[in-house]
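If you want the building blocks of each chain, they are given just below.
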Amino acid sequence: LTDYADYWDGLNEVSNPPDPESPRLAEIASGEHLQNLRGLTADDAANRRYYREKPTLHPEVTEWRTSTTIVLLDCQETDPQYGAYDQETDERLATDPPAKPGQRDLREITMAFEDGRWKVIDRQGSTDTSCEFAPTPLGVAVV
C-alpha cells in the first residue's frame, strides 16, 4: 500500500512540468501502463498543461492473483483541485470542470512486484460513483 501511495506522489512529481522521460515513471509503473503514462505525459507537455491529482486514498488489497501480482480497490475522495491546468498561467483549463463536493471515484489497480517494489501495471475506474471506504468485506488481510 505504501508503493501504491507513492504511485500518486510520482504522478504529481512528473506532471508539472510534464516529463515523459522521467525515471520516476519507471519506479511507479511498468509494462503497458508505463508506456501509456509516457504517452499521456508527452501529450501534456506538447499542449502546455499539467494535472493536479492528489486524491485521498482508501485502498485495500482485494485479490492476490500470484505471489507477484495483486489487485487493489480504492474508493478515493476526489481532490476539489483535481484537473488540468495551464503550465504558464497555472489556471484550470475550462475543458476540465472541478470535482463535485464529496465526489468519490472507484479505482481498480493491478500491481506487480518488480525490482524490489510494487508497480502499477493497470489502472481502471469510474468517476463520481458510490463506493465504500476500506476496509470492506472484500478486503484481503495484508501482512
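To keep things clear, this report deals only with the structure shown in the data block. Quantities reported herein were computed from a predicted structural model and do not represent experimental measurements.

### Quick notes on unusual backbone geometry
For step 1, the next point in the chain: Backbone torsion omega between Asn 16 and Pro 17 reads 0°, so that peptide bond is classified as cis.
For step 2, the next point in the chain: Considering the arrangement of structural elements, one finds Pro 17 in the loop between helix H1 (2-15) and helix H2 (23-28).
For step 3, the next point in the chain: Omega for the bond connecting Ala 134 with Pro 135 falls within 30 degrees of zero, at 0°, which places this linkage in the cis form.
For step 4, the next point in the chain: With respect to the helices and strands, Pro 135 occurs in the segment after strand E6 (117-126).
For step 5, the next point in the chain: One non-glycine residue, Arg 48, adopts positive backbone phi at about 55°.

### Overview of the environment of Leu 34
For step 1, the next point in the chain: With respect to the helices and strands, Leu 34 occurs in helix H3 (residues 31-46).
For step 2, the next point in the chain: When its relative accessible area of 8% is taken as the criterion, Leu 34 is described as buried.

### Some words on the pattern of salt bridges
For step 1, the next point in the chain: Scanning the model with the defined rule gives 15 salt bridges in all.
For step 2, the next point in the chain: One salt bridge in this structure joins Arg 117 and Asp 6, with 2.9 Å as the shortest N-O distance. Within this pair, whereas Arg 117 is found in strand E6, its partner Asp 6 is found in helix H1, the two being separated by 111 residues in sequence. The same class applies to Arg 117 as to Asp 6, namely buried.
For step 3, the next point in the chain: Within the structure, one salt-bridge network assembled from shared partners comprises Asp 3, Asp 6, Glu 13, Arg 24, Glu 27 and Arg 117.

### Regarding the sheet that holds strand E5 (residues 104-114)
For step 1, the next point in the chain: Spatial strand order, E2-E3-E5-E6: 4 strands in an open sheet with antiparallel pairing. Each of the sheet's edge strands pairs with one partner strand only, and the pair in question is strand E2 (59-66) and E6. Sheet twist, expressed as the average angle between the axes of neighbouring strands with direction ignored, equals 25°.
For step 2, the next point in the chain: In terms of strand pairing, E2 meets strand E3 (residues 69-77) through 6 bridges, oriented antiparallel. Within the sheet, the bridge partner assigned to Thr 66 lies in E3 and is Thr 69.
For step 3, the next point in the chain: The strands that H1 touches are E2, E3, E5 and E6; relative to E6, the one it contacts most, it runs at about 75°.

What counts and what doesn't
Residues numbered from 1 in each chain as written. Predicted model: local features only at pLDDT ≥ 70, side-chain atom pairs only at ≥ 80, totals over all residues. Heavy atoms only, no water. Helix = DSSP H or I, 4+ residues; strand = E, 2+ residues; numbered from the N terminus. Buried < 20%, exposed > 50% of the residue type's maximum accessible area, 1.4 Å probe, protein only. Salt bridge = Lys/Arg side-chain N within 4 Å of Asp/Glu carboxyl O. Pairing = 2+ DSSP bridges. Axes fitted to C-alpha atoms, helices over the stretch in contact; angles between N-to-C directions. Contact = heavy atoms within 4.5 Å.

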